[in-house]
Amino acid sequence: MKIFNRIAIIISIIIIVILSGCVNKKTPVEKMNGVLEEVVTKEKNFEEQQEPLVTSEKNEKEIYNKIIGLGMKEYNQIVKLSDQAIVSANNRKNYMEKETNSLKESEKEFKKIKSIKGEFDNPDLKRIIDELYEIMMQRYRAHDALYQAYSEGINNDQQLYEMFKNKNVMLNDLQLQVNKINESYKKVNEANENFNKLTEEYNKKKSMFYKKSGLK
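Residues numbered from 1 in each chain as written. Predicted model: local features only at pLDDT ≥ 70, side-chain atom pairs only at ≥ 80, totals over all residues. Heavy atoms only, no water.

Concerning the overall build of the chain
On a plain count of helices and strands, the chain comes out with eight helices and zero strands. Listing the helices and strands of the chain from first to last along the sequence gives α-α-α-α-α-α-α-α. A buried classification covers 36% of the 216 residues belonging to the chain. Counting contacts in the chain only where the partners sit at least 6 residues apart, residues at least 24 apart contribute 83% of the total. Surface accessibility of the chain: about 13,800 Å² in total, with carbon and sulfur atoms responsible for 54%. (Helix = DSSP H or I, 4+ residues; strand = E, 2+ residues; numbered from the N terminus. Buried < 20%, exposed > 50% of the residue type's maximum accessible area, 1.4 Å probe, protein only. Contact = heavy atoms within 4.5 Å. Areas by Shrake-Rupley, 256 points an atom, 1.4 Å probe, with all protein chains shown as cover.)

Describing the packing of helix H4 (residues 50-68) against helix H5 (residues 75-110)
At a minimum axis separation of 9 Å, H4 and H5 run at an interaxial angle of 160°. When the interaxial angle is binned, H4 and H5 end up roughly antiparallel. Crossing angle aside, the handedness with which H4 passes H5 is left-handed. Mapping the contact onto sequence places Gln50, Pro52, Leu53, Ser56, Glu57, Glu60, Ile63, Lys66 and Ile67 in H4 and Ile78, Leu81, Ser82, Gln84, Ala85, Ser88, Ala89, Asn91, Arg92, Tyr95, Met96 and Glu99 in H5. Of the residues belonging to the contact of H4 with H5, the class tally is ten nonpolar, six polar and five charged. (Axes fitted to C-alpha atoms, helices over the stretch in contact; angles between N-to-C directions. Parallel < 35°, antiparallel > 145°, perpendicular 65-115°, else oblique. Left-handed = near helix turned anticlockwise from the far one by under 90°. Nonpolar A, V, L, I, M, F, W, Y, C, P; charged D, E, K, R; others polar.)

A few points about the nonpolar core
Across soluble globular proteins, nonpolar side chains have a tendency to be buried as a group. Met32, Leu36, Phe110, Phe120, Tyr202 and Phe209 are the most contacted members of the largest nonpolar core, which has 26 residues in total. The element contributing the most residues to this core is helix H7 (residues 123-164), with ten residues. In contact with tyrosine 202, other than residues within four places in its own chain, are Leu36, Val39, Phe110, Leu132, Ile135 and Met136. Counting residues in hydrophobic clusters, the runner-up holds 24 residues, among them Leu53, Ala85, Tyr147 and Tyr150. (Core = buried A, V, L, I, M, F, W, Y, C linked by side-chain atoms within 4.5 Å.)

Notes on the side chain of serine 102
Relative to the assigned elements, serine 102 resides in helix H5. According to the relative accessible area criterion, serine 102 is buried, its value standing at 3%. The contacts of serine 102, once residues within four sequence positions are left out, are Lys42, Glu43, Lys44, Asn45 and Phe46.

Remarks on the confidence of the model for the chain
Scored by pLDDT, the chain has a mean of 89; 88% of the residues are at 70 or more. Per-element averaging of pLDDT across the chain places helix H1 (residues 2-24) at the bottom with 47 and H7 at the top with 97. (pLDDT = per-residue confidence, 0-100.)

Some words on the packing of aromatic side chains
Scanning all chains against the criterion turns up eight aromatic pairs. Their ring planes at 75° and their centres at 5.9 Å tell us that phenylalanine 110 and tyrosine 202 sit as a pair that is edge-to-face. Linking phenylalanine 110 in helix H5 with tyrosine 202 in helix H8 (residues 171-213), this pair joins segments that are 92 residues apart in sequence. Note on tyrosine 150 and tyrosine 185: the rings are 6.2 Å apart at their centroids and 85° apart in plane angle, and the pair reads as edge-to-face. Of this pair, tyrosine 150 sits in helix H7 while tyrosine 185 sits in helix H8, placing them 35 residues apart in sequence. Ring-pair connections join several aromatic residues into one group, and the members of that group are Phe110, Tyr133, Tyr140 and Tyr202. The residue whose ring lies beneath lysine 167 is tyrosine 75, and the NZ or CZ to ring-centre distance is 4.7 Å. (Phe/Tyr/Trp six-rings, centres within 6.5 Å; stacked < 30°, edge-to-face > 60°. Lys NZ or Arg CZ within 6 Å of the ring centre and 35° of its normal.)

So, in structure tokens, the structure goes:
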């Protein structure tokens, strides 16, 4: 009798485990939502870099304006300000690195939706997921271009600050370097506009997925 009771208990446990597995099994929509929410979490560090980056840019511009307002008789002050500007440019580089690393983590997470897509039966949802994936990949590549352009701009800025510290620097050389900087930041603005446009497209497509899948 005890043996039968033991068998009954074991069977009950097995049934509970099986049922528990069924209850805890996530639907494709839930899996998809989990990835999209995790992507938002991964990009929090990206968002956190925006304010200090903009602040550094403004401070650096003020330093630059002070430098070009000084004459060579105030050479020591020019050197001091140029060193401050170099430090500021390095800070911007660090903020940009953190921003980029955050997006790399986001991309790694987002790529998981490729395997989830196969679990969907609805062709409309599959199409939206494909479109969502394509837009997001373009967005990541757009940020790669932004990172390259911004890094180039920072390097050109630092070269200019070093040139300011040279008493014998020619005015023409300074102007050529300023032209290089302007060209770099023209690329930055174009890349940034593209990145923002794709971010907006992604958010719209994500909202479409939520609406179509019944998620709020």
